[in-house]
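Analysis of the macromolecular model
Now for the letters of each chain:
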Amino acid sequence: MQLKAQVQLKNLNTLNLNAIASHYVQINHPDEVIAALAFAEQQHLNVLVLSGGSNVLLPQQVQALVMHLNIQGIEVLSEDENTITVKVGAGQVWHDFVLYSTQQQWFGLQNLALIPGLVGASPVQNIGAYGVEAGEFIESVQVYDRELKQFDSISAQDCHFAYRHSIFKDHPNRYIIVSVTFKLLKQAELKLNYGDLKQAVGDTLTAENLQNQVIQIRQSKLPDPKEFPNVGSFFKNPILAQVEFDKITQQFPNIPHYPQANSSVKVAAGWLIDQAGWKGKQLGSVGMFHKQALVLVNYAEATLADVQNTYQAVQSDVKQKFSILLEPEPVLYSEQGLIQAHSG
């Protein structure tokens, strides 16, 4: 374990925000988690666990120990006639794992291709796209429990997966994820009932084609973070009660929507932002992407304050037009390395 001081995190967060960590360590093995936590306790430092940096908003100074997860490995644990169970290190790149699973004829994750970030972050917000969520294929999550001071394995049922949510969001400072165990299918069951995916796939009903079409659709709509620094979808799609949705459709009958459980309705945040006039609009060095209004882009040397000014302006305009307060997806950190609530 190699501790470093005053480390620039600009290349470790996909929004490309300048952020200097007072203390930094890369974690390559689960055992190093214990040593790093001991150092943080000795130095009276908070711990900021950094994965792929694709879902975080960092301040310019982080007075904390930034623990960067880089645990690698894909291990087959068991298989039967219909499924295969694999344990994947938290530091594996998510998209690379999805491609590898398809190559191995392991099925289920193809709809989640090209989502940025690392495997260890996938359970935290239960990443999802095109009608599939990671939690559907997670069997368990291996963690270091900071409260009990021991390694543990949390079953999928106990992870309390929901839309962009899990137990790891409820207890953000308790668990450090070191690996994720997936149970994948040996026979492809294609999910094509979301957006323009069915038309894109056409008559070639294979997992490989599904994956390729997902990649092409995402590339056509979403900017490459290396060219246009971003965190992917910046806001969650609001989930409304049926009575609230019915009220909105009286004025906006064409609003894209997706029925959910318990008679609730998910509506498209990107459409709301577009209708509020923010698609392709900039406020200083930060704006909403011209091809996809849901994506906030750092066009220059934006600071966290610049980002906050822009997304709060978007929230304000959407709320004024639709009476809906959009909720940001990225995790916001304070200068002390602690998660803090978004204002808006």
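Residues numbered from 1 in each chain as written. Predicted model: local features only at pLDDT ≥ 70, side-chain atom pairs only at ≥ 80, totals over all residues. Heavy atoms only, no water.

The helix and strand inventory of the protein chain stands at 8 helices and 21 strands. Relative to a compact globule of 344 residues, whose C-alpha radius of gyration would be 20 Å, the protein chain shows 20 Å and is just as compact. Judged by the C-alpha coordinates and their principal axes, the protein chain covers about 60 × 55 × 35 Å. Counting the 344 residues in the protein chain, one finds 51% classified as buried. Here the analysis covers contacts within the protein chain between residues at least 6 apart in sequence; of these, 62% occur between residues at least 24 apart. Accessible surface, the protein chain as shown: approximately 15,900 Å² in total, 46% of it carbon and sulfur. Measuring between centres, the 23 positive side-chain charges of the protein chain sit 6 Å from its 31 negative side-chain charges. (Helix = DSSP H or I, 4+ residues; strand = E, 2+ residues; numbered from the N terminus. Rg over C-alpha atoms; globule rule 2.2 N^0.38 Å. Buried < 20%, exposed > 50% of the residue type's maximum accessible area, 1.4 Å probe, protein only. Contact = heavy atoms within 4.5 Å. Areas by Shrake-Rupley, 256 points an atom, 1.4 Å probe, with all protein chains shown as cover. Lys, Arg positive; Asp, Glu negative; His and termini not counted. Charge placed at Lys NZ, Arg CZ, Asp CG, Glu CD.)

If you walk through the whole model with that rule in mind, you get 13 aromatic pairs. Geometrically, the ring pair formed by Phe252 and Phe322 is tilted, given 4.6 Å between the ring centres and 50° between the ring planes. Of this pair, Phe252 sits in the loop between α6 (242–251) and β15 (257–259) while Phe322 sits in helix α8 (residues 304–322), and the two are 70 residues apart along the sequence. For the pair formed by Phe252 and Phe322, the shared burial category is buried. We note Lys281 situated over the ring of Trp278; from NZ or CZ to the ring centre the distance is 4.4 Å. Seen from the ring of Phe322, Lys321 lies directly overhead, with NZ or CZ sitting 6.0 Å from the centre. (Phe/Tyr/Trp six-rings, centres within 6.5 Å; stacked < 30°, edge-to-face > 60°. Lys NZ or Arg CZ within 6 Å of the ring centre and 35° of its normal.)

On to the packing of helix α2 (residues 94–103) against helix α5 (residues 207–221). Running from N to C, α2 and α5 point in directions that differ by 155°, and their axes come no closer than 10 Å. Relative to α5, the element α2 is oriented roughly antiparallel. Viewed along their axes, α2 and α5 form a crossing whose handedness is left-handed. Note on element contacts: α5 touches α2 through Glu208, Gln211 and Ile215, opposite His95, Val98, Leu99 and Thr102. Its residues assigned to classes, the contact of α2 with α5 comprises 3 nonpolar, 3 polar and 1 charged. (Axes fitted to C-alpha atoms, helices over the stretch in contact; angles between N-to-C directions. Parallel < 35°, antiparallel > 145°, perpendicular 65-115°, else oblique. Left-handed = near helix turned anticlockwise from the far one by under 90°. Nonpolar A, V, L, I, M, F, W, Y, C, P; charged D, E, K, R; others polar.)

Turning our eyes to something else, we now look at the pattern of salt bridges. In total, this model carries 9 salt bridges according to the counting rule given. For Glu79, the salt bridge goes to Lys186, with nearest N and O atoms at 2.6 Å. Taken together, the residues span a long stretch of sequence, with Glu79 in strand β6 (residues 74–79) and Lys186 in the loop between β12 (175–185) and α4 (197–201) at a distance of 107 residues. Here Lys186 falls in the partly exposed class, since its relative accessible area comes to 25%. Between Glu329 and Arg164 there is a salt bridge, with its nearest N and O atoms 3.5 Å apart. Here Glu329 is found in the loop between α8 and β20 (331–333), whereas its partner Arg164 is found in the loop between β11 (150–155) and α3 (167–170), with 165 residues between them in sequence. The network of salt bridges with common partners includes Asp145, Glu147 and Arg174. (Salt bridge = Lys/Arg side-chain N within 4 Å of Asp/Glu carboxyl O.)

Considering the arrangement of structural elements, one finds Thr14 in the loop between β1 (3–8) and β2 (20–27). A polar atom in the side chain of Thr14 sits 2.7 Å from the backbone oxygen of Asn230. Setting aside residues up to four positions removed in sequence, Thr14 forms contacts with Gly52, Gly53, Ser54, Pro225, Pro229, Asn230 and Val231. (Polar contact = N/O pair within 3.5 Å; in protein donor to acceptor, adjacent residues only side chain to side chain.)

The next point concerns the UniProt feature "domain: FAD-binding PCMH-type" (unreviewed entry) in the protein chain. Cross-referencing UniProt, the feature "domain: FAD-binding PCMH-type" (unreviewed entry) maps to residues 17–187 in the present numbering. The span residues 17–187 shows a helical share of 15% and a strand share of 38%, and its end C-alpha atoms are spaced 42 Å apart. (UniProt positions renumbered as here; feature names shortened; annotations may be inferred.)

According to UniProt, the positions carrying the feature "active site" (unreviewed entry) are Arg164, Ser233 and Glu329. The named residues occupy 166 residues along the chain; their greatest pairwise C-alpha distance, 11.6 Å, places them in one compact cluster. Among the residues examined, Glu329 registers a relative accessible area of 7% and is labelled buried. Not counting residues within four places of it along the chain, the set of residues in contact with Glu329 comprises Asn55, Gln125, Arg164, Lys169, Ser233, Phe234, Phe235 and Lys236.

A separate point is the sheet that holds β12. The strand order across the open sheet formed by 5 strands is β6-β7-β12-β10-β11, and the pairing between neighbours is antiparallel. Here the strands that pair on one side only, and so sit at the sheet edges, are β6 and β11. When strand polarity is set aside, the average angle formed by the axes of neighbouring strands in this sheet is 20°. By the bridge criterion, 7 bridges tie strand β10 (residues 138–145) to β12 in an arrangement that is antiparallel. Residue pairing across strands places Asp145 opposite Tyr175, the latter belonging to β12. (Pairing = 2+ DSSP bridges.)

This part is about the domain arrangement of the protein chain. Looking at the protein chain, the domain boundaries give domain 1 (2–69), domain 2 (74–221) and domain 3 (235–328). Computed over C-alpha atoms, the centres of domain 2 and domain 3 are 26 Å apart. Opposite the 6 residues of domain 2 that make contact, domain 3 presents 8 residues. Contact with domain 3 buries surface across domain 2, with Tyr163, Tyr194 and Lys221 losing the most and accounting together for 75% of the total. Taken together, the connections running from domain 2 to domain 3 amount to 0 salt bridges. (Domains from an automatic or database assignment. Buried area = accessible area lost by both parts, 1.4 Å probe.)

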